[in-house]
Amino acid sequence: MTEDVLLETRGPLGLVTLHRPRALNALNLGMIRVLHPQLEAWATSPDVRAVVIRGAGEKAFCAGGDVRAVHESLAREKAGEGDGRLGRDFFREEYRLNHLIHTFPKPFIALVDGICMGGGVGLSVHGSHRVVTERLVLAMPETAIGIFPDVGGGWFLPRYPGELGTYLGLTGARCGAADALHVGYATHHVPAARLPALLDALEAADFRGEVRAVVDGVLARFSEPAGTAPLEAMEEAIQRCFAHARVEDVLQALVREGSAWAADVRATLTRMSPFGLKVTLALLRRGRALSYPEVVTLEYRLARACTSREDFHQGIRAVLVEKHGRPHWRPSTLEEVTEAMVEEAFRPLPPGEELVVA
Ligand code: QUE
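Draft legend 1. Geometry of the site of the ligand. Neighbouring residues of the ligand: Ala 23, Ala 26, Ala 63, Gly 64, Gly 65, Val 67, Pro 141, Glu 142, Ala 144, Ile 145, Val 319 and Leu 320. Gly 65 places a main-chain nitrogen or oxygen 2.4 Å from an oxygen atom of the ligand. Considering only residue class, the shell around the ligand consists of nine nonpolar, two polar and one charged.

What follows is the structure in structure tokens.
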């Protein structure tokens, strides 16, 4: 068992507290292995009416998946020192956990206070309710580490209004509470100081009625307006610049746009992994027309392909290990990332190795 995730029941609630505050509650394989069976048990337990998930500490809900451990496992394997097992098991088990949340038969309420990125989005976006606070920092920053918005990004990002999901997935731009409500990630905004009272109210709620309506009623009582979303002011420019099929065309459109905002966005994109950017755009375009299980099957193939490439290891070292922020991407330009290379990353795995969720 792991101390990294706390599990308890409080009256009619199953309560999960992600508890690695020094790692911003980043999700590791041990936590996934504790969470999965407990959520399965709560899904069928007549005593549990709803599940609440939150992060310990004041900084983060969950900063992501433990990609550093994936990197270390695969690097050891490359050096002939291990079997790379964790590197492969992590994504498979994370996707299976996300799928359990996606299909959860009861209200699944994430209290998202602080940083929520990557793996943290996977633990929240697939549930029925996401309560965010004024401290929310929401992002899908994977192109900075040579991969793509995983945990279902290929499914939920294309379903955000217009090209907002394309913008968020390619740039890794951060959203606060108002933006999160605007795109549809958040369902409610509650001041952080009110979360303890909200949890008490859920625990004390009379669950004899329809469970979902009871939860909606409690959350509505605590919900407050979050103000105007900064994304709204950018929405038309984002639409003009990001509705393209090729990343090169997105960058050209940003040049034509000519604003300071467009120059900033272009500078951000030029720091990201060219391979990561192209794989991401290809995934988001396909994901629009696919079901959730179809998308995550593709994502698992991409996860295997991307983590076996040098960009992932460059990205982790630049962002999380040495933190110098200057990865050497290979290929180093968009032009060198061919359609065949992108296509290769989507290739089916041998039958026994595919992700099976449905
Ligand atoms: C892109 C990412 C991640 C990231 C930074 C990126 C990511 C992730 C973490 C992270 C942060 C703090 C931790 C930790 C991991 O950072 O997925 O263990 O303590 O998990 O630019 O995709």
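Draft legend 2. A look at the side chain of Asp 113. Mapping Asp 113 onto the fold places it in the loop between strand E5 (108-112) and strand E6 (115-117). In terms of polar contacts, Asp 113 uses its side chain to reach the side chain of Arg 135, at 2.6 Å. Not counting chain neighbours up to four residues away, the residues in contact with Asp 113 comprise Lys 59, Ala 60, Phe 61, Thr 133, Arg 135, Ala 192 and Leu 195.

Draft legend 3. Quick look at a nonpolar patch on the surface. Together, Val 319, Leu 320 and Val 321 line one region of the surface with nonpolar side chains, adding up to about 190 Å² of accessible area. Considering the arrangement of structural elements, one finds Leu 320 in helix H15 (residues 310-321).

Draft legend 4. Local environment of the packing of helix H3 (residues 85-102) against helix H14 (residues 292-307). It is the contact of H3 with H14, at a shortest axis distance of 10 Å, that shows an interaxial angle of 160°. On the basis of their axis angle, the class for H3 and H14 is roughly antiparallel. In the packing of H3 onto H14, the handedness of the crossing is right-handed. Mapping the contact onto sequence places Arg 88, Phe 91, Arg 92, Tyr 95, Asn 98, His 99 and His 102 in H3 and Tyr 292, Val 296, Glu 299, Tyr 300, Ala 303, Arg 304 and Thr 307 in H14. Tallied by class, the residues present in the contact of H3 with H14 amount to six nonpolar, four polar and four charged.

Draft legend 5. Expanded view of the sheet that holds E6. If you walk across this open sheet you meet the three strands as E4-E6-E8, and the pairing is parallel. Either end of the sheet is taken by a strand with one partner, and the two such strands are strand E4 (60-62) and strand E8 (137-139). For this sheet, the mean inter-axis angle between neighbouring strands, taken without regard to orientation, is 15°. Two elements, E6 and E8, share three bridges in a ladder whose sense is parallel. Looking at the pairing, Cys 116 lines up with Leu 138 of E8.

Draft legend 6. Representation of H3 within the structure. The terminal C-alpha atoms of H3 lie 26 Å apart, and with 18 residues this matches the ideal 26 Å at 1.5 Å per residue to within 8%. What H3 keeps buried is the set Gly 87, Asp 89, Phe 90, Phe 91, Glu 93, Glu 94, Tyr 95, Leu 97, Asn 98, His 99, Leu 100 and Ile 101. Tucked into the core, H3 has its buried residues touching helix H1 (29-44), helix H2 (67-78), E5, helix H4 (119-124) and H14.

Draft legend 7. Representation of the nonpolar core within the structure. Within the largest apolar cluster, 96 residues are counted, with the highest numbers of intra-cluster contacts made by Leu 18, Leu 39, Tyr 185, Phe 242 and Leu 254. Setting aside residues no more than four positions away along its own chain, Phe 242 makes contact with Glu 163, Thr 166, Tyr 167, Leu 170, Thr 171, Val 250, Leu 254, Val 265, Leu 269 and Arg 285. Within the second largest apolar cluster, 20 residues are counted, among which are Leu 15, Ala 50, Leu 198 and Val 215.

Draft legend 8. Local environment of the environment of His 188. Relative to the elements of secondary structure, His 188 occurs in strand E9 (residues 188-189). Sequence spacing of His 188 and Leu 219 is 31 residues, and the spatial spacing of their C-alpha atoms is 7.2 Å. In contact with His 188, not counting residues within four places along its chain, are His 129, Arg 130, Val 131, Val 132, Leu 181, Leu 219, Ala 220 and Ser 223. A distance of 2.9 Å separates the side chain of His 188 from the side chain of Thr 187, its partner in a polar contact.

Reading the values: rules and limits
Residues numbered from 1 in each chain as written. Predicted model: local features only at pLDDT ≥ 70, side-chain atom pairs only at ≥ 80, totals over all residues. Heavy atoms only, no water. Near = heavy atom within 4 Å. Polar contact = N/O pair within 3.5 Å; in protein donor to acceptor, adjacent residues only side chain to side chain. Nonpolar A, V, L, I, M, F, W, Y, C, P; charged D, E, K, R; others polar. Helix = DSSP H or I, 4+ residues; strand = E, 2+ residues; numbered from the N terminus. Contact = heavy atoms within 4.5 Å. Patch = residues over 30% accessible without salt bridge, like charges linked within 9 Å, V, L, I, M, F, W, Y side chains within 5 Å. Areas by Shrake-Rupley, 256 points an atom, 1.4 Å probe, with all protein chains shown as cover. Salt bridge = Lys/Arg side-chain N within 4 Å of Asp/Glu carboxyl O. Axes fitted to C-alpha atoms, helices over the stretch in contact; angles between N-to-C directions. Parallel < 35°, antiparallel > 145°, perpendicular 65-115°, else oblique. Left-handed = near helix turned anticlockwise from the far one by under 90°. Pairing = 2+ DSSP bridges. Expected span 1.5 Å × (residues − 1). Buried < 20%, exposed > 50% of the residue type's maximum accessible area, 1.4 Å probe, protein only. Core = buried A, V, L, I, M, F, W, Y, C linked by side-chain atoms within 4.5 Å.

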